[in-house]
Every structure is written in C-alpha cells, then in structure tokens.
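A closer look at the structure
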Amino acid sequence: MIGLVSATAAGAAARDRLAAAWPERTRVYDGPVGSAVRRAFAECEQLVCFLATGAVVRLIAPLLADKASDPGVVCVDEGGRFAVSLVGGHGGGANELAARVGEVLGAEPVVTTGTDAAGLPGLDTLGLPVEGDVAGVTRALLDGEPVAVDAEVAWPLPPLPVAQSGAYTIRVTDRHVAVGRGEVVLRPPSLVVGVGASRGAPADEVLGLVEGALRDAGLSAASVAELATVDAKADEPGIVAAAQRLGVPLVTYPAGELAGVDVPNPSDAPLAAVGTPSVAEASALARGGELLVPKRKSAMATCAVVRRPARGRLAVVGLGPGARDLLTPRATAELRRASVLVGLDQYVDQIRDLLRPGTRVLESGLGAEEERARTAVEEARRGHAVALIGSGDAGVYAMASPALAEASDDIDVVGVPGVTAALAAAAILGAPLGHDHVSISLSDLHTPWEVIERRVRAAAEADLVVTFYNPRSRGRDWQLPKALGILAEHRASGTPVGVVRNASRADESSRITTLGELAPATVDMMTVVTVGNTATRTIAGRMVTPRGYRWQEASR
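Residues numbered from 1 in each chain as written. Predicted model: local features only at pLDDT ≥ 70, side-chain atom pairs only at ≥ 80, totals over all residues. Heavy atoms only, no water.

1. Quick notes on the packing of helix H17 (residues 449-461) against helix H18 (residues 479-488)
Axis separation between H17 and H18 bottoms out at 9 Å; the angle between their running directions is 30 degrees. When the interaxial angle is binned, H17 and H18 end up roughly parallel. The way H17 lies across H18 gives a crossing that is right-handed. Judged by residue contacts, Trp-449, Glu-453, Val-456, Arg-457 and Ala-460 of H17 engage Gln-479, Lys-482, Ala-483, Ile-486 and Leu-487 from H18. Of the residues in the contact of H17 with H18, the class split is 6 nonpolar, 1 polar and 3 charged. (Axes fitted to C-alpha atoms, helices over the stretch in contact; angles between N-to-C directions. Helix = DSSP H or I, 4+ residues; strand = E, 2+ residues; numbered from the N terminus. Parallel < 35°, antiparallel > 145°, perpendicular 65-115°, else oblique. Left-handed = near helix turned anticlockwise from the far one by under 90°. Contact = heavy atoms within 4.5 Å. Nonpolar A, V, L, I, M, F, W, Y, C, P; charged D, E, K, R; others polar.)

This is the structure we're talking about:
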C-alpha cells in the first residue's frame, strides 16, 4: 500500500489525482502532518508526501531503521513539478515510484542514487539475494575500477562493466561460501529440492532434512527456487509449511509424469503409496538438471537436490518506425536489461545511447537476418539476457519469426511489440485502416511471386485495404506495377492511395494520390504504400476508410 500525505490545498489536489489514478494501491492519511507521516510510515510499503523535502526529512528521521525494511519515500513539491526519490530508492522502490508518480502528475522524477545516475543496475535491484560488500563493489563500479565477475552458475544478468580480474569481485553461485573483502555474492534461484513425506510428517522434520541436505552439500538455502513433490502430497501440511518457511513455492507433478523420470534410487514404497517409484528425486529432476544430492531420508521424509541449468532470456524487441518517442517504455526497459544486444547495424545506431555500460553488442549488415537470429538464440542458451532488435514490430516482417524458428523450450522468450510501419504511415495519412485491412510484402526474395500474387488477388477480391511493404527496389521494379494492376481490376482508378516514406523520421515525406495516378518509379524500399478499398475517401486532405458502408451510401 502507498500512503499519501499532504498539508496544503495544492498538495491535496495533487494527492487526490494520484489517489484517483491508483485507487486500489493508495491510502490517504489525514490529520496533523506529523501524525499522518508516522502512521503511514508504520503501515505502508511506500509513501508519497506532498511536502517540502526538508520537512519530510525532519519527520521521518526518527523513524528510519534499516534500508532493507524502511518504506520508500517520494516527495512531490507544492507545484507538482518534481517527484523526488528521498529514501529507499532501491530497497523501498522509491526510484521506480518517483517515475510512476511523475507519469501520473506530469512531474519530473528526481533520482540521485549513484548507479541510476550512471546508468548502472544496482546490485541490490537484480532480483537475486545479495550478500557482502555491496557498497564497496558498487563504488568501484561507479569509479571505473576493475570489477571481475566469477559466475560459477551461469545466470541472465543485466550488463555490468566488468573486467577479467580486479580487486573487487561479483560472484554468482549457489554454494555456501564465505564472502571476502571487496566481494559481493549473488544467489541465483538455481536449486530445486524434491521432497516426499509420510502422512502427518512434522514441518520441522521436513525443513530440518532439507536444510541439512543443503548444508552438508555446501549449498545455500538462498538459491532454492522451489520445493517439488507429487500431486498427492500437495496438501501435506508438513511439506506446505516447509515451503512457506523457506519462502519458496511448492510445485507438484502427477504421479504418472514422475514415474517416467529416470532416477538413481527408485523404491517400491512410494510406488505403492502414490503411484511412482520416486517422489523426491523424480520431482526435483522433473524439469531436468544435475542431481547434486541424491535421496536422503529421515524418519518420515525424503529429499533430493537438483541444480537446474540457467535459462537464458531472449527479448525480441520492436524499435518502432524510427522516432524515439515511438519507442515504447517496455522496449527501452528490455534494451537496458540485456547484457547482449543483437541487431542490424543501422538499428543498433538508433538506440546505442540507451544501452547500459557493459552491454556486448553483436551487430551485422543487411542480409544476415538468419545469422542474427541464430546468434541471439545461441547467446540466450549460454545463459545470457539477450535483446534481438528489429524495426517496427519485430514480429511483422522482422526478426521474431526467424528467431523463434531457431528457439526451443530451453530458453525464456519475451516479445516486445512495437509501432509498425503500416500504423505509423496510417497515422500520417489519416485513417486508411479504419476497416478490415491486410499487409503484404512484395519482396519475392523469400516468397515465390506466385504466392504473393495469389494473396494480392485475394485481398483485391475481398475489398480489403492493402498496405504494401518492400514495394520496390532497384532490382525489383516490376512487382509494384503488377500488384497495382491486380487491385485495379476490382477498384476504380480514383481509389485513394497513400505513399509514406521514412515514416516518423527526420526526412519523412507523404502524399495522397490515386490508384490511377500513382507512379511506381517514385516508390522505394523505404516507402509504405497503402491502397484504399472501394469505401475509402479523401476528406480534407486525409485518407479515410469508414468503419461501415452506410457512410459511403449516405455520401453519394
């Protein structure tokens, strides 16, 4: 919950706007300001104070205990111009809250955290348990001192400006290790503990068995991602309580699925009881991995520990048509999250300034789409966080399809939509896509012309608005006239046609002509051509396709 506190009418007006925008997430604290701040600080995960920063500092100073547990506090000035992340920038989420408050109120977020200001990910913001000299290693990163990464367990981390060796080290491991001076240990959620238990097994016994197995194997409980068991034990109180006390989910599998898992220590007892010769080992190995701790027993429970291989992450990111303000916030976040960026060199140049220090860039020229797709998937399989970029929407005539054709279920894939060239061009022209429409690429480099022609003819017969991608190049100059001729068999020569070149870019140009007057020689590969249907009209210089045909009949 986010507590909202204000002292003046101006502050209350901004407070109420925020409360209206987030009704389920906020609570207004009225009354004397000091009392309101104290109550909100004690009861909420975050605070937004519509007060001067000095006043808030004095009010919360006696309340501060530990940055790991204190709520994040954001101050908004009386004029609603700035949202200042004051306390708990990372641990309390105040930096992110300042940005979100700024979006709602039109305020400028002010973040002074060193890593955020330098464009570096905070070591305490990676979503992994962290131990050690966080402040010292962070300072070294900010000062440009050599910081090495020792990844005993591969895990998809965001980019970090690291060296082969140095006085400071970031270790990524699921082992229980002593943390040295100038060292930070990140705990990836790489361990799965399979458990089985007799009916009524005490939670203390289950938890003691699990913790003992981890301790004896030199493994950290902070890296346990989940407890796993058979469906028949999903409600077993001791297992459920053990998962809760470890702070991890309990995942269950059908007995038939576990029976098909190859394990080193099958037994007749669980086969008779729940229908599978193994519960602990089989449930731990159900999604693959390396068996680190074979089945161990106590009086009423069993457990086994598996290290799962790191799942790399591939984000397929659409950059939009070119204008920076048409690049979505989600795309920007994925670019900053990726430790490896793969893309066409000219697209990389568009967003290079958004990349964090330490991002490894793998760029290539035109015509290497399949190679880029393979490279991105291979890097993800190595456990990296990868962004594969394409213009417009990466799923429309771009990189998503070749990448996903290469990818299997051993990596996580995230699609980030972008504004397509057809949509950008349509917005410039007016509303040509107001009714049913289709996009067709006229490039026959990957698709036989016979297939393209059949699709154009079908669109013509169906009276669909058609947007042509890749309409014409120096080596392909006859396809566009042929396609326009097919449409002309079904549409009048006066049908509006929109021509947009470099939509949204600095050298954008556009015009509206007709099917009979369009000169194909004026079109190139940077152009999108949109041909209206029989209802499309030009109104006040704009191309408009109505949502229904009653408008057309009424206008005759």
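2. Remarks on the sheet that holds strand E1 (residues 2-6)
Strands sit in the order E2-E1-E3-E4-E5-E6 across an open sheet of 6 strands; the sheet is mixed. Strands with a single pairing partner mark the edges of an open sheet, and in this sheet they are strand E2 (26-28) and strand E6 (108-110). With direction set aside, neighbouring strand axes in the sheet form an average angle of 25 degrees. Here helix H2 (residues 33-43) sits on the sheet in contact with E1, E2, strand E3 (46-50) and strand E4 (72-76), set at roughly 170 degrees to E1. (Pairing = 2+ DSSP bridges.)

3. Considerations on the sheet that holds strand E10 (residues 183-186)
Here we have 4 strands laid out as an open sheet, ordered E7-E10-E9-E8, and mixed in their pairing. Whereas interior strands pair on both sides, the edge strands pair on one side only; in this sheet they are strand E7 (130-132) and strand E8 (147-151). For this sheet, the mean angle separating the axes of adjacent strands, direction not counted, is 20 degrees. For strand E9 (residues 168-172) and E10, the ladder comprises 4 bridges, and the chain directions are parallel. Within E10, the residue paired with Thr-169 across the bridge is Glu-183. Helix-sheet contacts for helix H6 (residues 134-143) involve E7, E8, E9 and E10, and the interaxial angle to E9 is about 115 degrees.

4. Side note on the side chain of Arg-313
Within the fold, Arg-313 resides in strand E16 (residues 313-318). Dropping the residues within four chain positions of it, Arg-313 is found in contact with Pro-156, Glu-334, Arg-337, Ala-380, His-384, Ala-385, Val-386, Asp-412 and Val-414.

5. A short note on the environment of Val-48
Within the secondary structure, Val-48 sits in strand E3. Val-48 gets classed as buried once you look at its relative accessible area, which sits at 0%. For the pair formed by Val-48 and Gly-3, sequence separation is 45 residues and the distance between their alpha carbons is 6.2 Å. Aside from chain neighbours lying at most four places away, what touches Val-48 is Ile-2, Gly-3, Leu-4, Val-5, Leu-18, Val-74, Val-76, Leu-97 and Val-101. (Buried < 20%, exposed > 50% of the residue type's maximum accessible area, 1.4 Å probe, protein only.)

6. Side note on the pairing of E1
Burial analysis of E1 places 5 of its 5 residues in the buried class, which makes it a mostly covered element. For E1 and E3, the ladder comprises 5 bridges, and the chain directions are parallel. What sits directly across from Ile-2, in E3, is Gln-46. Bridge analysis of E1 against E2 gives 3 bridges, and the strand direction is parallel. Bridged to Gly-3 within E2 is Arg-27. On the question of chirality, the crossover connecting E1 to the parallel E2 by way of helix H1 (residues 9-21) is right-handed. (Right-handed = clockwise from strand over helix to strand, strands pointing away.)

7. Thoughts on H17
Taking 1.5 Å per residue, 13 residues should reach 18 Å; H17 reaches 18 Å between its end C-alpha atoms and fits that length. Taken together, the buried positions of H17 are Trp-449, Val-451, Ile-452, Val-456, Ala-459 and Ala-460. Where H17 is buried, its residues touch strand E22 (437-441), strand E23 (465-469) and H18. Looking at the residues trailing H17, positive phi occurs at Asp-463, about 60 degrees. (Expected span 1.5 Å × (residues − 1).)

8. Describing the nonpolar core
Val-193, Leu-214 and Leu-227 are the most contacted members of the largest nonpolar core, which has 23 residues in total. Breaking this core down by element, the ones donating at least two residues are strand E11 (191-197), helix H7 (203-216), strand E12 (224-230), helix H8 (237-246) and strand E15 (301-307). Per-element accounting of this core gives the leading share, 6 residues, to H7. The residues contacting Leu-227, other than those within four sequence positions of it, are Val-193, Val-195, Ile-239, Ala-242, Ala-243, Leu-246, Val-248, Pro-249, Leu-250 and Val-251. Counting residues in hydrophobic clusters, the runner-up holds 21 residues, among them Ile-440, Val-466, Ala-483 and Ile-486. (Core = buried A, V, L, I, M, F, W, Y, C linked by side-chain atoms within 4.5 Å.)

Honestly, that's just the spatial picture; any functional story needs more than this.
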